[in-house]
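Topology and contacts: notes
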Amino acid sequence: MTKSLKKKPGGRRLSPGSISILAYALLIASGTFFLLLPVSTTRGISAVDALFTSASAVCVTGLAVVDTPSTFTLFGRTVILALIQVGGIGIMVLSTLFLLSLGRRVSMSGKSMIRDTYSYGQGQSVHSLIRHVLVFTAVIEIIGALIMFPRFYHLYPLDKAVYFSIFHAVSAFCNAGFSLYSDSFTRFASDWVLNLAICFLIIFGGIGFIVMAEIRQKFSFRKKFWTDFSLHTKLVLASTLILLAASTLTFLALEWSNTLKDLPLSTRILASFFQAVNTRTAGFNTLSIGSLANETLFISILLMFIGTAPGSCGGGIKVTTFSTIALLGFSRFSGHEHPQAFYRRISPASISKAVSLMIISVAVIIVGIILIQQVELGDVSHSLSRGAFLEMLFEMVSAFGTVGLSTGITPGLSAAGKLIITAMMFIGRLGPMAIALAVSRREKSARFSYAQENIMIG
């Protein structure tokens, strides 16, 4: 049993999930307030646009309804940078650090929140986890900024080059996708150093802090060091490598005669890899998303839905969820009763969570796409709105997966449409299951169970 930080009126305890929701909502509200200040923008911004931008930054999504570099001043861009960093690391870790700085003991509820957010297990203390999160974040972002600095220093004065390096390092590691360029990184499509630095930051921010900590602890040059890793780490690393390789080849093949046709071979490969990395998690692009073929957009939707690893800065249903369901299907076709990987059997509890999360996520997206089509298209016939469904579905999954890629329809959405996308980013960041558990009543133990009976499936 966990003790709560506080109780609701009437004695009902706030669950860790509820506290997470309130903390993120408060952070988004604070960001909205600062972005509405006259000092934050060059020509003012509406309350809805400020809310959308704040939510996009806190939820490390990257979708934008206004042009970031031309709309926001240095102060406004710094507010966005701070929201990205806090949202990426996690408001719960920062809150726990505040308690520790006051010499107060972290509550059981606080520990529960951190465990849920970062897939925290029994092997490490909360203090150790927080230290790993902050050290990994600082070290990797500094390395990424140092790699990018020479490229920006070649283009800008020292102070501007430093700021651009830090901003994009934080945005990339936190998988946010916010850029200080209106066209993202399309102008740097052939720059191997800058592209690979961004990809390096995104991948490390997307595999999760626990995985990185385990790699640091157990990696060695022994031939069989791989066997020392947990099943979670093996699944995350294997799934990430497979998805990156497959999606790179897919982008290269599908866009060979389209957006890649005028590029040299080396740049085609680089652009395909860059887009493969960004589509599952961040939101940078070196190819025009609005110019991609329909089949490429559909593949991108699937990749955005899968997302990154649990406990990472990215969103989606997570690669472990996708891997578990894929292994479940494979085991059924191959005649095995239980899914297994790397000589380990996946527990029934993990399978149940994966299936539940998949169902909830699909349901959330279905509701979202229906709502946004209703407010944006209304009763317009499909024959008069061809292509709108794919673009809105792309936008909805991008928001849910906290990816930030867009075909270009975001700024043109109505106020109601922007609010729907904002809600989807919020749900995608906290996780559909976390929100469902937070707002649901405590599960009651059954006093009896019904008789079991099989039904025909298929």
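Details of the structure are given in the entry above.
Residues numbered from 1 in each chain as written. Predicted model: local features only at pLDDT ≥ 70, side-chain atom pairs only at ≥ 80, totals over all residues. Heavy atoms only, no water.

1. Brief notes about the overall build of the protein
Using the following cut-off: Under the DSSP-based scheme used, a helix requires at least four consecutive residues in state H or I and a strand at least two consecutive residues in state E, with every element numbered from the N terminus. Only protein chains enter the calculation, and the probe is 1.4 Å; a residue is then buried if its accessible area is under 20% of its type maximum, exposed if over 50%, and partly exposed in between. Contact criterion: two residues are considered in contact whenever any of their non-hydrogen atoms come within 4.5 Å of each other. Note on areas: these come from Shrake-Rupley sampling with a 1.4 Å probe, and a residue is covered only by the protein chains present in the view.
A tally of helices and strands in the protein yields 18 helices and two strands. Going through the 458 residues of the protein one by one, you find that 51% of them count as buried. When contacts within the protein are restricted to residue pairs at least 6 apart in sequence, those whose partners lie at least 24 apart make up 71%. A total of about 22,400 Å² of accessible surface is found on the protein, and carbon and sulfur atoms cover 65% of it.

2. Structural notes on the layout of surface pockets
Inclusion rule: Using a grid of 1 Å spacing that covers the protein atoms alone, one calls a set of points a cavity when a 1.4 Å probe fits there but cannot get out, and a pocket when the set is open and has protein on both sides within 12 Å along at least five of seven lines; lining residues are those with an atom within 4 Å of a point. Grid points are joined across faces, edges and corners, and a volume is the space filled by probe spheres set on the points.
The space that makes up the second largest pocket amounts to roughly 500 Å³. The wall of the second largest pocket is formed by 24 residues, among which Gly-62, Ala-64, Ser-182, Ser-184 and Asn-285 lie closest to the centre.

3. Observations regarding unusual backbone geometry
Apart from glycine, the bulk of residues carry a negative phi angle, and the bulk of peptide bonds sit in the trans form. Its identity as a non-glycine residue notwithstanding, Lys-318 has a phi of 85°, on the positive side. Mapped onto the elements, Lys-318 comes out in the loop between α13 (294-306) and α14 (319-333). With a phi close to 45°, Thr-402 is a non-glycine residue in the positive phi region. Looking at the secondary structure, you find Thr-402 in the loop between α16 (388-400) and α17 (415-430).

4. Some thoughts on the packing of aromatic side chains
Our working rule: Two aromatic rings, drawn from Phe, Tyr or Trp (for Trp, its six-membered ring), form a pair once their centres lie within 6.5 Å of each other, and the interplanar angle then sorts them: stacked below 30 degrees, edge-to-face above 60, tilted otherwise. Criterion for a charge above a ring: Lys NZ or Arg CZ within 6 Å of the ring centre, and within 35 degrees of the ring normal.
Applying the stated criterion across every chain yields a total of 13 aromatic pairs. On the numbers, 4.9 Å between centres and 40° between planes, the contact of Tyr-156 with Phe-164 is tilted. We classify Tyr-156 as buried; its relative accessible area is 17%. Plain terms: the ring middles of Phe-200 and Phe-204 are 4.9 Å apart, the flat faces sit at 55° to each other, and that makes the pair tilted. With Phe-200 and Phe-204 both in helix α9 (residues 192-206), this residue pair falls four residues apart, about one helical turn. Connected via pairs of aromatic rings, a cluster forms that spans Phe-152, Tyr-156, Phe-164, Tyr-181, Phe-185, Phe-188 and Phe-284. Lying across the ring of Trp-256, Arg-268 places its NZ or CZ 4.1 Å from the centre.

5. Brief notes about the packing of helix α11 (residues 231-254) against α13
As a reminder of what qualifies: Structural elements are reduced to axes, namely lines fitted to C-alpha atoms, with helices fitted over the stretch in contact, and the angle between N-to-C directions of any two is expressed from 0 to 180 degrees. Here the word oblique covers every angle except those under 35 degrees (roughly parallel), over 145 (roughly antiparallel) and from 65 to 115 (roughly perpendicular). Each crossing is labelled by how the near helix is turned from the far one, with a counterclockwise turn of less than a right angle marking it left-handed and a clockwise turn marking it right-handed.
Look at α11 against α13: their axes get within 10 Å of each other, and the N-to-C directions meet at 165°. As judged from the angle between their axes, α11 and α13 are roughly antiparallel. Like other packed secondary-structure pairs, α11 and α13 cross with a definite hand, here left-handed. In this structure, α11 uses Leu-243, Ser-247, Thr-250, Phe-251 and Leu-254 to contact α13, whose residues at the interface are Glu-295, Thr-296, Ile-299, Ser-300, Leu-303 and Ile-306.

6. Examining the side chain of Ser-179
Put simply, the test is: Polar contacts, as counted here, are pairs of nitrogen or oxygen atoms within 3.5 Å of one another; within protein the pair requires one atom able to donate a hydrogen and one able to accept it, and residues that are adjacent in sequence qualify only if both atoms are side-chain atoms.
Structurally, Ser-179 can be placed in the loop between α8 (158-173) and α9. For Ser-179, a relative accessible area of 7% translates into the label buried. There is a polar contact of 3.1 Å between the side chain of Ser-179 and the backbone nitrogen of Tyr-181. Every residue in contact with Ser-179, bar those within four places of it in the chain, is listed here: Thr-68, Pro-69, Phe-167, His-168, Ser-184, Phe-185 and Phe-284.

7. Observations concerning the packing of α13 against α16
The condition that has to hold: Basically, the charged four are Asp, Glu, Lys and Arg, the nonpolar ten are Ala, Val, Leu, Ile, Met, Phe, Trp, Tyr, Cys and Pro, and anything else, Gly included, counts as polar.
Running from N to C, α13 and α16 point in directions that differ by 25°, and their axes come no closer than 9 Å. Taken as axis vectors, α13 and α16 run roughly parallel relative to one another. Considering how the two elements wind past one another, α13 and α16 form a crossing that is left-handed. Residues Asn-294, Leu-297, Ser-300, Ile-301, Met-304 and Phe-305 of α13 pack against Leu-390, Leu-393, Phe-394, Val-397, Ser-398 and Phe-400 of α16. When the residues that make up the contact of α13 with α16 are grouped by side-chain class, the tally is nine nonpolar, three polar and no charged.

Such coordinate-based values are descriptive only and should not be taken to indicate function.
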